[in-house]
Amino acid sequence: MSQNETRALIERYFDAFNASDYEAMADLLHEDVAHDINLGGREIGRDAFRRFNAMMSRHYRETLRDIEIMVSESGVRAAAEFTVDGTYVATADGLPPASGQGYSLPAGIFFEVDDGRISRVTTYYNHKGWIAQVS
């Protein structure tokens, strides 16, 4: 894919996220997508990605803003930096109790693209900063 095609693919990914359209997000992914979870392991496959998003949507309501996308010349890799604005709506295992706390923190994702689909999603954010905001 060209740089412009990859940029458009990543933009569609973020548009789907902000619309809470997790199925549209999954449709952009390679069947064997590698999903590296912040402070977690690596999950493989669209179905695992769907399960992760279902779990996340039970606990958090998030919107991403100030999204800046960078794409390699080859179009194979991309990265994005953005701000996550969210509300912690239901207590997640091992985390502080949820009571509708709001939070805002910088985050980033690294992507790989293969055959017109996203083949890797690696997310990073400051977990300790998030904990401080919701505690």
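Everything discussed here concerns the structure shown above.
About the criteria used
- Each residue is numbered by its place in its chain's sequence as written, counting from 1.
- Given that this is a predicted model, residues contribute local features only at a pLDDT of at least 70 and side-chain atom pairs are listed and counted only at 80 or more, while totals for whole chains, interfaces and linings are drawn from all residues.
- Note that water and hydrogens are dropped before the side-chain values are worked out from all heavy atoms of the structure.
- What makes two strands pair is DSSP finding at least two bridges between them.
- Here a strand is any run of E in DSSP of at least two residues, a helix any run of H or I of at least four, and the numbering for each starts at the N terminus.
- Expected span of a helix: the number of residues minus one, times 1.5 Å.
- Using a 1.4 Å probe on the protein chains alone, a residue whose accessible area is under 20% of its type maximum counts as buried, one over 50% counts as exposed, and one in between counts as partly exposed.
- The arc in question is traced by the directions running from the helix axis to the C-beta atoms.
- Working convention: axes come from line fits to C-alpha atoms, limited for helices to the stretch in contact. Angles between N-to-C directions cover 0 to 180 degrees.
- Contacts: residue pairs with any heavy atoms within 4.5 Å of one another.
- For Phe, Tyr and Trp, rings pair up if their centres lie within 6.5 Å, where Trp contributes its six-membered ring, and each pair is then called stacked (planes under 30 degrees apart), edge-to-face (over 60) or tilted (otherwise).

Student: In this structure, what is going on with the pairing of strand E1 (residues 29-36)? I would like to understand it.
Tutor: On any regular strand, side chains alternate: one points to one face of the sheet, the next to the other face. Sheet analysis places E1 next to strand E6 (residues 117-125), joined by four bridges and oriented parallel. From the neighbouring strand, alanine 34 faces E6, where its bridge partner is arginine 120. Here E1 pairs with strand E2 (residues 42-44) via three bridges, running antiparallel. Looking across to E2, one finds that histidine 35 is bridged to glutamate 43. Count of turn residues in the E1/E2 antiparallel hairpin: five residues, of which leucine 39 carries a positive phi of about 60°.

Student: Got a minute to help me understand helix H3 (residues 46-59) in this structure?
Tutor: Given 3.6 residues per helical turn, the α-helix brings residues three or four places apart onto the same face. When the terminal C-alpha atoms of H3 are compared, their 20 Å separation across 14 residues agrees well with the 20 Å that a helix rising 1.5 Å per residue should span. Every buried residue of H3 is listed here: Arg46, Ala48, Phe49, Phe52, Asn53 and His59. Down the axis of H3, the buried set is contained in an arc of 155°. They therefore lie on one face. Along H3, the residues that are exposed and aim more than 90 degrees away from the buried face are Arg51 and Arg58.

Student: Explanation requested: the environment of asparagine 38 in the structure shown.
Tutor: Along the polypeptide, asparagine 38 turns up in the loop between E1 and E2. Given the relative accessible area of 12%, asparagine 38 is considered buried. For the pair asparagine 38 and threonine 122, spaced 84 residues apart in sequence, the C-alpha separation works out to 7.6 Å.

Student: Looking at this model, I keep getting lost on the pairing of strand E5 (residues 101-114). Mind explaining?
Tutor: Summarising the sheet, strand E4 (residues 77-88) and E5 pair through twelve bridges and their orientation is antiparallel. Within E5, the residue paired with aspartate 85 across the bridge is serine 104. By the bridge criterion, eight bridges tie E5 to E6 in an arrangement that is antiparallel. Bridging from a neighbouring strand, phenylalanine 111 pairs with valine 121 of E6. With antiparallel pairing between neighbouring strands as the criterion, E5 and E6 make up a hairpin whose turn holds two residues, including aspartate 115 at a positive phi of roughly 55°.

Student: Would you mind showing me how to read the sheet that holds strand E3 (residues 60-71) here?
Tutor: Note on sheets: strands pair through backbone hydrogen bonds, and any given pair is parallel or antiparallel. The six strands lie next to each other as E2-E1-E6-E5-E4-E3, forming an open sheet whose pairing is mixed. Since the sheet does not close on itself, it has two edges, and those belong to E2 and E3, each with one partner. Adjacent strand axes in the sheet meet at a mean angle of 20°, parallel and antiparallel pairs treated alike. Contacts from helix H1 (residues 3-18) reach E1, E3, E4, E5 and E6, with the element oriented near 170° to E3. Of the strands in this sheet, E3, E4, E5 and E6 touch helix H4 (residues 127-134), which is tilted by about 155° from E5.

Student: For this particular structure, what's the right way to read the packing of aromatic side chains?
Tutor: Each pair of aromatic rings is reported with the distance of its centres and the angle of its planes. In total, this model carries ten aromatic pairs according to the counting rule given. For the pair tyrosine 13 and phenylalanine 111, a centre-to-centre distance of 5.3 Å together with 80° between the ring planes defines the contact as edge-to-face. Of the two residues, tyrosine 13 sits in helix H1 while phenylalanine 111 sits in strand E5, which places them 98 residues apart along the sequence. An angle of 15° between the planes, with centres 5.4 Å apart, marks the rings of tyrosine 60 and tyrosine 88 as stacked. Residue tyrosine 60 is located in strand E3, and its partner tyrosine 88 is located in strand E4; the two are separated by 28 residues in the primary sequence. Both residues of the pair, tyrosine 60 and tyrosine 88, belong to the buried class.

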